[in-house]
Structures are given as structure tokens and as C-alpha cells.
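What the coordinates show
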Amino acid sequence: MTMIIQPQWLLATGVSQKRVDLWIAPLQQIEAYNISTPKRISCFLAQVLHESGNLQWVKELWGPTEQQKKY
């Protein structure tokens, strides 16, 4: 059984309703990337929510620093 990301999961983590409405459809496409087990979904969501500030940011907030230019 495949688990698809549910809006209430995002709301429970503090994501605003506006951001949930904007991102739920793209996030539900994770199966195309073989993210289909509970463990993979959990890891994926944890990383995405952390890196994006609960779906607030879609690009780096700082830089480019010299280190980033070399990356």
C-alpha cells in the first residue's frame, strides 16, 4: 500500500494552510521518485520541511559565497 502525503500531516508540523494548498499537489508526486515507504516518506518530509523553513523558501537565502561558487 502506497502512502500519499496528506495535507493534515503538513498542518501538524506547523506549515500554514496557504503553503499546504500551494505545495500539496507537487509533494504528492513523490511516488515517481520511489519515495513510497513510510520510512522514505518520513525522511523526505523531514528534509524538505527543514530545508525550506516549513515550505516558506524555494531558493537559498544567502550567498553566493566564495565556497558556494566553487560547489
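Everything in this summary refers to the structure shown in the same document.

Parameters and conventions
- Residues numbered from 1 in each chain as written.
- Predicted model: local features only at pLDDT ≥ 70, side-chain atom pairs only at ≥ 80, totals over all residues.
- Heavy atoms only, no water.
- Helix = DSSP H or I, 4+ residues; strand = E, 2+ residues; numbered from the N terminus.
- Expected span 1.5 Å × (residues − 1).
- Buried < 20%, exposed > 50% of the residue type's maximum accessible area, 1.4 Å probe, protein only.
- Arc of directions from axis to C-beta.
- Contact = heavy atoms within 4.5 Å.
- Patch = residues over 30% accessible without salt bridge, like charges linked within 9 Å, V, L, I, M, F, W, Y side chains within 5 Å.
- Areas by Shrake-Rupley, 256 points an atom, 1.4 Å probe, with all protein chains shown as cover.
- Salt bridge = Lys/Arg side-chain N within 4 Å of Asp/Glu carboxyl O.
- Core = buried A, V, L, I, M, F, W, Y, C linked by side-chain atoms within 4.5 Å.

**Points about helix 3 (residues 38-51)**
Its 14 residues give helix 3 an end-to-end C-alpha distance of 20 Å, which sits within 8% of 20 Å, the value for a rise of 1.5 Å per residue. Regarding helix 3, the residues found buried are Ile41, Leu45 and Leu49. Along helix 3, the residues classed as buried sweep out an arc of 50° about the axis, all on the same side. Projecting away from the buried face of helix 3 at angles above 90 degrees are the exposed residues Lys39, His50 and Glu51. Contact partners of the buried residues in helix 3: helix 1 (7-12).

**Notes on a nonpolar patch on the surface**
A cluster of nonpolar side chains, contributed by Trp57, Leu61 and Trp62, occupies part of the molecular surface with about 370 Å² of accessible area. Following the sequence through the fold, tryptophan 57 ends up in the loop between helix 3 and helix 4 (66-70).

**Details of the nonpolar core**
Grouped together as the largest cluster of nonpolar side chains are 12 residues: Ile5, Leu10, Val15, Val20, Ile24, Leu27, Ile30, Ile35, Ile41, Leu45, Leu49 and Leu55. Elements represented by at least two residues in this core include exactly helix 2 (17-27) and helix 3. With residues near it in sequence (within four places) discarded, leucine 49 still touches Leu10, Thr13, Val15, Asn54 and Leu55.

**Some words on the environment of isoleucine 24**
Position of isoleucine 24 among the secondary structure elements: in helix 2. On the basis of relative accessibility, which here comes to 14%, the residue isoleucine 24 falls in the buried class. When the C-alpha positions of isoleucine 24 and proline 7 are compared, they lie 6.5 Å apart, and in sequence the two are 17 residues distant. In this structure isoleucine 24 touches Ile5, Gln6, Pro7 and Leu10, once residues within four positions along its chain are discounted.

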